[in-house]
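Coordinate inspection notes
These are the residues of each chain, in order.
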Amino acid sequence: MTFDLKEVLVIGVSSRALFDLEHENSIYQQQDVAAYRRYQYEQEHKLLGKGTAFHLVEALLSLNKLSDERLVEVVVMSKNSPDTGLRILKSIQHYQLDITRSAFTGGEPLSPFLHAYRVDLLLTRHSDDAQVAIDTQDCAAALIYDPPASYQPDRDKIRIAFDADAVLFSDESEYIYKTEGLERFQQNESDNEDVALPDGPFAKLVRVLSRLNRKLGVDRSPLRLSIVTARNGPAHLRVIKTLRQWDVNVDQAFFLGGMSKEPVLSALRPHIFFDDQPAHLLQASKRVPSSQVPYRSDSQIQQLQPVKPKHQTTAETLSKRTTLKQKST
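The residue count restarts for each chain, going from 1 along the sequence in the order it is written. A pLDDT threshold of at least 70 governs which residues receive local features in this predicted model, and a stricter bar of 80 or more applies before side-chain atom pairs are shown or counted, although totals over entire chains, interfaces and linings include all residues. Water and hydrogen atoms were dropped before computing side-chain values, which therefore reflect all heavy atoms in the structure.

**As for the pairing of strand β7 (residues 223-229)**
Inclusion rule: Under the scheme applied here, a residue whose accessible area is under 20% of the maximum for its type counts as buried, over 50% as exposed, and between as partly exposed, the area being computed with a 1.4 Å probe on protein chains only. Only DSSP runs of H or I with at least four residues qualify as helices, and only runs of E with at least two residues qualify as strands; both kinds are numbered from the N terminus onward. Note: two strands are recorded as paired if DSSP finds a minimum of 2 bridges between them.
With seven of seven residues buried, β7 lies mostly within the body of the structure. Here β7 shows a buried face lined by Leu223, Leu225, Ile227 and Thr229 and a second buried face lined by Arg224, Ser226 and Val228. Of the pairings in the sheet, the one linking strand β6 (residues 158-162) to β7 comprises five bridges and is parallel in character. In the strand pairing of β7, Arg159 is matched with Arg224.

**Concerning the pattern of salt bridges**
For the record, the criterion: Every case where a carboxyl oxygen of Asp or Glu lies within 4 Å of a side-chain nitrogen of Lys or Arg is listed as a salt bridge.
Within this structure, the stated rule accounts for 22 salt bridges. Put simply, Glu73 and Arg101 hold a salt bridge, and the shortest N to O gap is 2.8 Å. A residue pair is termed long-range when its members are at least 10 positions apart, and Glu73 in strand β2 (residues 72-78) and Arg101 in strand β3 (residues 101-104) qualify at 28 residues. Owing to a relative accessible area of 1%, Glu73 belongs among the buried residues under this scheme. According to the relative accessible area criterion, Arg101 is partly exposed, its value standing at 26%. Lys79 is paired through a salt bridge with Asp129; the nearest N and O atoms lie 3.0 Å apart. Here Lys79 is found in the loop between β2 and α5 (86-94), whereas its partner Asp129 is found in helix α6 (residues 127-136), with 50 residues between them in sequence. Look at the salt bridges and you will find they share partners, linking Arg16, Glu22, Arg125 and Asp146 into a network.

**A few points about the pairing of β2**
Counting buried positions along β2 yields seven of seven residues, so the element is predominantly enclosed. The side-chain alternation of β2 yields two buried faces, one formed by Val72, Val74, Val76 and Ser78 and the other by Glu73, Val75 and Met77. The sheet contact formed by strand β1 (residues 9-14) and β2 spans six bridges and is parallel. Its bridge partner being in β2, Ser14 is matched across the sheet by Met77.

Purely spatial values, then, with no claim about function.
What follows is the structure, given as structure tokens:
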């Protein structure tokens, strides 16, 4: 019997996002495939540590226990070969993660397989895969930062926090800010208060999550959706009205007006925080699991950024990219 993933929230997670494989990756980068393969064979019976996305994946899979039908599916998407991926599969079994589907591409890009698995969200440590996913608009995608050292997830609630512009919403308003300043940005948002903001790369995902919440029931669902944004009055009104037009309910919204996001995120303790700006993520990632949402390659904002060097594979490297200002939500 064919299992249809169309009505299920599908999370694609790379092996490096799910588990701590940074040492192994350094062997691959600094030596060669043969050395990496040999090391994986030698360490095959040693379990992998938890990666940045582990707590989110574990929490989302727990939603399946609250329903008679399957609500969430997680697919491990790895550039390992099936043989070198055996250690990953053994670690999944050890942690009793309800993951049965995987894609081992043997060094080839993950992005062509996103549509095949109907992935709604890709979490990865590889910038090229995240960029291609964003560009094709097949799914939401984010580049995972290093895990915070002392993070303890909320065991009662599943908390997902989003930035606003260039994440839930398009980067059109953000571009106005960056090129014309704060006053012009605020005026534009006031003038268009009743006009819904265009979809951003995570608009489809937040709709899926909102529908999932309704399916579980507001009183039963442990899933909590939050917005943490540098917007403030009067620009916050357009955000609230847009979500209303989308029929999306978020549980919390924090309009910071340029304040640091780190204190709010430390109090909120989300399982994951999505933002487009390294300036915000550098501090946030020390406290909570965090990930960077790339701009589309044809974005006007992307044209304002310095050209990204090739082969950057870590979020820490991307964080060195400069921004014109630090307002961006």
